[in-house]
Amino acid sequence: MRKKVLLIVPHQDDELFVGGGLFRTLAKSGYEAYVVYTTNGDFFPHETKARLRESLQVLDRFCGVDESHVFFLGYGDGWKDGRHIYHQEGEEALVSMAGRTETYAPAGRGEYRYIKSGRHSAYRRAEWKQDLKDVIADVRAALLLVVDFDTHADHRAASLLAEECLGELFREDASYRPLVLKRFAYDGVWKGRADFFELPGRGTVLSGLSLTPYRPEEALRFAMPPDCISPCLSRNPFYRALRSHRTQEAWQKADEIINIDEAFFRRNTDNLLYDAAVSASSGNPEYLRDFKLFDCGDVTAKSLVGKECGWRPEEGDGEKTVRIRFGTLRSVGRIAAYARGNSGTDSLKAAFFFDADREPVRMEIRADGKRNACTFAPREGVREITLRIEAWEGASQGITELEILPPEEEKLPDALERLLFCGDNLKVTSMVKIQMKWEKAVLSLKRKISRWLPNSYTLRRYYPEIAERERVPLRYRAAYILERLKRKRG
């Protein structure tokens, strides 16, 4: 059977920003490819059908993905009253910006829940989570490409919810351990460096990692398909795919989006803690194995709003221990831990005791949200592990994830190993360099023209009264230009 890859993204166009060239390569080289969109892209309701049509066209022509492998969960793109479904509680369904309270799919299609169960899901967090969890379980892909915690609320929510679903699936099904790769759609992509026309080509620069669990050196950099780094933009299939998303005018960001490599971050899924019985002297130890490295109290806020998401012993707890017991004997050789607090002053010191082994493994855990790793001589035949906190200063959000790992890290599949970026080896002639300069100038000119003569979708956003009209009257185009002239003079 062919291996499956599932791409999890919020919006119709994110298949290019998150999946990118890697998803195209996998889909065209033997993987059975699937996509799930968590929203309908209906922030502007009149664009919903067009966005669906554009995404299906891109997936077909650019990636070769069959329409039957594309799932729409049917949730809102934006929510009224400033709330977000990620934080919804109680029975009251939220109202989307499109005025909906339950899932749907445009253009006569059925959304995932309706196709699966013959009903629509209300806009409640629990149903959203169940729908996404069921898609992941139904597809059961060997490889998941998932949007990461971006600056956009829907991206943040999809990233955190996908992790939550995976954590539950890993605890429920010991046989399911896919490879999970996460990627930002904004940092280094939509808000990337405009360097497509530069020679030699430069790798993706990630500038927003300070609040994330990652360090730049941890990124897995995959090479873009050769035809997608073609220096001739007009013949570049990635550029043509961007042009297909007319509602978003994605082509205008082509020189930022298209790069010679794509940066993903790998999440460990071989954590032995998922299959163990876990208890603690106090506090909630389930945070240690929920697959979420952190949580967010408000996905709509610009900065990261912290939320309870880690294990911490209660005040007065003299033991400060977590006990782990495996159903079968295990081999352990690595430990990774994440903690959050004030990284400048907080300090955690932990000791791990293995069964009757008197010599513990000790590690200091920084509370900066980053990975703290410890490798040691393998302990064989492990039945029980006791984590004992020897010093705890601050770390207000506690230990947000604990990974008890086998001695050897699982290698990337050969198909992915071969795709890792090894540097820019693109050779260009003097004629091609001339053409690149020409196309750079043309792209810049087209952007300037589009500011004065935007397409019909942009005008419908600007003038809501014509949102449902098939054609934009000429007087609105003229009015738009006049308003721009007034603003420029002012």
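If you're wondering where the values come from, they're calculated on a predicted model, not measured in any experiment. (Residues numbered from 1 in each chain as written. Predicted model: local features only at pLDDT ≥ 70, side-chain atom pairs only at ≥ 80, totals over all residues. Heavy atoms only, no water.)

1. Section: the layout of surface pockets
Okay, step 1: Taken as a whole, the largest pocket encloses approximately 520 Å³ of empty space.
Okay, step 2: As for the largest pocket, its lining consists of 28 residues, of which H11, D77, H152, Y186 and Q248 are closest to the centre.
Okay, step 3: Looking at the lining of the largest pocket, the elements that each hand over two or more residues are α1 (14-28), α5 (153-172) and α10 (456-462).
Okay, step 4: In terms of residues, the lining of the largest pocket owes the most to one element, α5, which gives three residues.
Okay, step 5: Its residues assigned to classes, the lining of the largest pocket shows eight nonpolar, eleven polar and nine charged.
Okay, step 6: For the second largest pocket, the calculated volume is near 340 Å³.
Okay, step 7: Of all the secondary structure elements, the ones that give two or more residues to the lining of the second largest pocket are β7 (261-267) and β9 (321-340).
Okay, step 8: For the lining of the second largest pocket, the element with the highest residue contribution is β7, accounting for three residues.
Okay, step 9: A class-by-class count of the residues in the lining of the second largest pocket yields seven nonpolar, one polar and seven charged. (1 Å grid on protein atoms, 1.4 Å probe; cavity = no way out; pocket = protein on both sides within 12 Å on 5 of 7 lines; lining within 4 Å. Points joined across faces, edges and corners; volume = space filled by probe spheres on them. Helix = DSSP H or I, 4+ residues; strand = E, 2+ residues; numbered from the N terminus. Nonpolar A, V, L, I, M, F, W, Y, C, P; charged D, E, K, R; others polar.)

2. Some thoughts on unusual backbone geometry
Okay, step 1: Each neighbour pair has its own omega, and for L199 with P200 the value is -10 degrees, a cis peptide bond.
Okay, step 2: Among the secondary structure elements, P200 is positioned in the loop between β5 (179-183) and β6 (220-223).
Okay, step 3: Phi is positive for E249, which is not a glycine, with a value near 50 degrees.
Okay, step 4: Tracing the sequence through the fold places E249 in the loop between α6 (237-244) and α7 (254-257).
Okay, step 5: For F291, which is not glycine, the phi torsion reads 70 degrees and is therefore positive.

3. Here we look at the pairing of strand β13 (residues 398-405)
Okay, step 1: With eight of its eight residues buried, β13 lies for the most part within the structure.
Okay, step 2: Note: β9 against β13, seven bridges, orientation antiparallel. Residue pairing across strands places I335 opposite I404, the latter belonging to β13. (Buried < 20%, exposed > 50% of the residue type's maximum accessible area, 1.4 Å probe, protein only. Pairing = 2+ DSSP bridges.)

4. Focus: the packing of aromatic side chains
Okay, step 1: Summed over all chains, the structure comprises 23 aromatic pairs.
Okay, step 2: Taking 5.3 Å as the distance between ring centres and 20 degrees as the angle between the ring planes, the aromatic pair formed by Y37 and F72 counts as stacked. Taken as a pair, Y37 in strand β2 (residues 32-39) and F72 in strand β3 (residues 70-75) lie far apart in primary sequence, 35 residues in all. The pair Y37 / F72 is uniform in exposure class, with both members buried.
Okay, step 3: Seen in terms of ring centroids, F149 and F294 are 4.9 Å apart; in terms of plane orientation they differ by 85 degrees. Their pairing is edge-to-face. A residue pair is termed long-range when its members are at least 10 positions apart, and F149 in the loop between β4 (143-147) and α5 and F294 in the loop between β8 (276-280) and β9 qualify at 145 residues.
Okay, step 4: With a relative accessible area of 11%, F149 lands in the buried category.
Okay, step 5: A relative accessible area of 6% places F294 in the buried class. (Phe/Tyr/Trp six-rings, centres within 6.5 Å; stacked < 30°, edge-to-face > 60°.)

5. Observations regarding helix α4 (residues 125-139)
Okay, step 1: Taking 1.5 Å as the rise per residue, α4 with 15 residues should run 21 Å; its terminal C-alpha atoms sit 21 Å apart, in good agreement.
Okay, step 2: Residues of α4 that are buried: R125, E127, W128, K129, D131, L132, K133, D134, V135, I136 and V139.
Okay, step 3: Backbone geometry just after α4 places R140 at a positive phi near 50 degrees. (Expected span 1.5 Å × (residues − 1).)

6. Digging into the pairing of β7
Okay, step 1: For β7, the buried fraction is high: six of the seven residues fall into the buried class.
Okay, step 2: Inspection of the sheet shows β5 paired to β7 by three bridges, in the antiparallel sense. Paired with K182 across the bridge in β7 is F265.
Okay, step 3: Relative to β7, β6 runs antiparallel, the two sharing four bridges.

7. Considering empty space enclosed by the protein
Rolling a probe over the atoms, with the probe sized like a water molecule, indicates the empty space that remains.
Okay, step 1: Scanning the model with the defined rule gives six cavities of 30 Å³ or more in all.
Okay, step 2: The calculated volume of the largest cavity comes to roughly 140 Å³.
Okay, step 3: Along the walls of the largest cavity sit 15 residues, with F196, E198, G201, I229 and I260 positioned nearest its centre.
Okay, step 4: In the lining of the largest cavity, the residues fall into eight nonpolar, three polar and four charged.

8. Let's talk about the nonpolar core
Okay, step 1: Membership of the largest hydrophobic core comes to 56 residues, with the highest contact counts inside it found for F23, L143, L145, L181, F238, L242 and I258.
Okay, step 2: Look past the residues within four positions of L242 in its chain and what remains in contact with it is L16, F17, A250, W251, A254, I257 and I258.
Okay, step 3: Within the second largest apolar cluster, 43 residues are counted, among which are Y86, L94, A122 and Y176. (Core = buried A, V, L, I, M, F, W, Y, C linked by side-chain atoms within 4.5 Å. Contact = heavy atoms within 4.5 Å.)

9. Some thoughts on the environment of M224
Okay, step 1: Following the sequence through the fold, M224 ends up in the loop between β6 and α6.
Okay, step 2: Between the C-alpha atom of M224 and that of D261, which follows or precedes it by 37 residues, the distance is 5.2 Å.
Okay, step 3: Contact partners of M224, with chain neighbours within four places excluded, come to G21, I229, F238, I258, N259, I260, D261 and E262.

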